[in-house]
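Each chain is listed here by its residues.
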Amino acid sequence: MALFGQKTKVNDSSAEKAQTTKDKSSKKALIKKDSVKAEKLPKAEVVAEAKTKTKNEKRAEAVQGVSFPKGGAVIKPRVTEKAGLLAQKGIYTFDVRTDANSRQISAAIVLAYKVTPIKIAVAPVPSKAMFVRGKKGATTAGKKAYVYLKKGDVIEFI
């Protein structure tokens, strides 16, 4: 009887040996198949197979799990109503560090999304006064960047 997920011991060691030999033989067969495929195709064709991905497929792979490095120029995409309308025209908006320049922002966008920007415009985001729960405060100031892309290029945010 098995209690709390513990399995009972079986004294049949022949079943274990058969399973391990089966695993070893299947691994050998896989290795042989891979080596035969590699021998049949010249190196140029193997390289060509790796390059057959289209630009959109590469970009889709790049978008999966896009994270900007800590301390980098770009902090995050700026998701607002205005940014959504601009994105339809090929202009994407990002929150950036206050000390970042357009070259650093361009390099971060190329690294993260595999697209080359045509132009980058940087604008300050001023601090605004707030009044929450009877107390005065202010939002933090920052900087945003408008990234202009070619007509065919697209950045998808997930």
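Let me begin by describing the structure that accompanies this report. (Residues numbered from 1 in each chain as written. Predicted model: local features only at pLDDT ≥ 70, side-chain atom pairs only at ≥ 80, totals over all residues. Heavy atoms only, no water.)

Thoughts on the pattern of salt bridges
Opposite charge on two side chains permits pairing when their charged atoms draw close. Counted by the stated rule, this structure contains 2 salt bridges. With its nearest N and O atoms 2.6 Å apart, the salt bridge here joins arginine 78 to aspartate 95. Taken together, the residues span a long stretch of sequence, with arginine 78 in the loop between strand 1 (74-77) and helix 4 (81-87) and aspartate 95 in strand 2 (residues 91-96) at a distance of 17 residues. Note on arginine 78: relative accessible area 24%, which makes it partly exposed. By relative accessible area, which is 14% here, aspartate 95 ends up buried. Here arginine 97 ties to aspartate 99 by a salt bridge, and the two come within 2.8 Å at their closest N and O atoms. (Salt bridge = Lys/Arg side-chain N within 4 Å of Asp/Glu carboxyl O. Helix = DSSP H or I, 4+ residues; strand = E, 2+ residues; numbered from the N terminus. Buried < 20%, exposed > 50% of the residue type's maximum accessible area, 1.4 Å probe, protein only.)

Here's the deal with the pairing of strand 6 (residues 142-148)
Here 6 bridges tie strand 2 to strand 6, and the two strands are oriented antiparallel to one another. Following the sheet pairing, phenylalanine 94 is matched in strand 6 by alanine 145. As paired strands, strand 3 (residues 119-125) and strand 6 are joined by 7 bridges and run antiparallel to one another. When the sheet's bridge partners are listed, alanine 121 is paired in strand 6 with tyrosine 146. (Pairing = 2+ DSSP bridges.)

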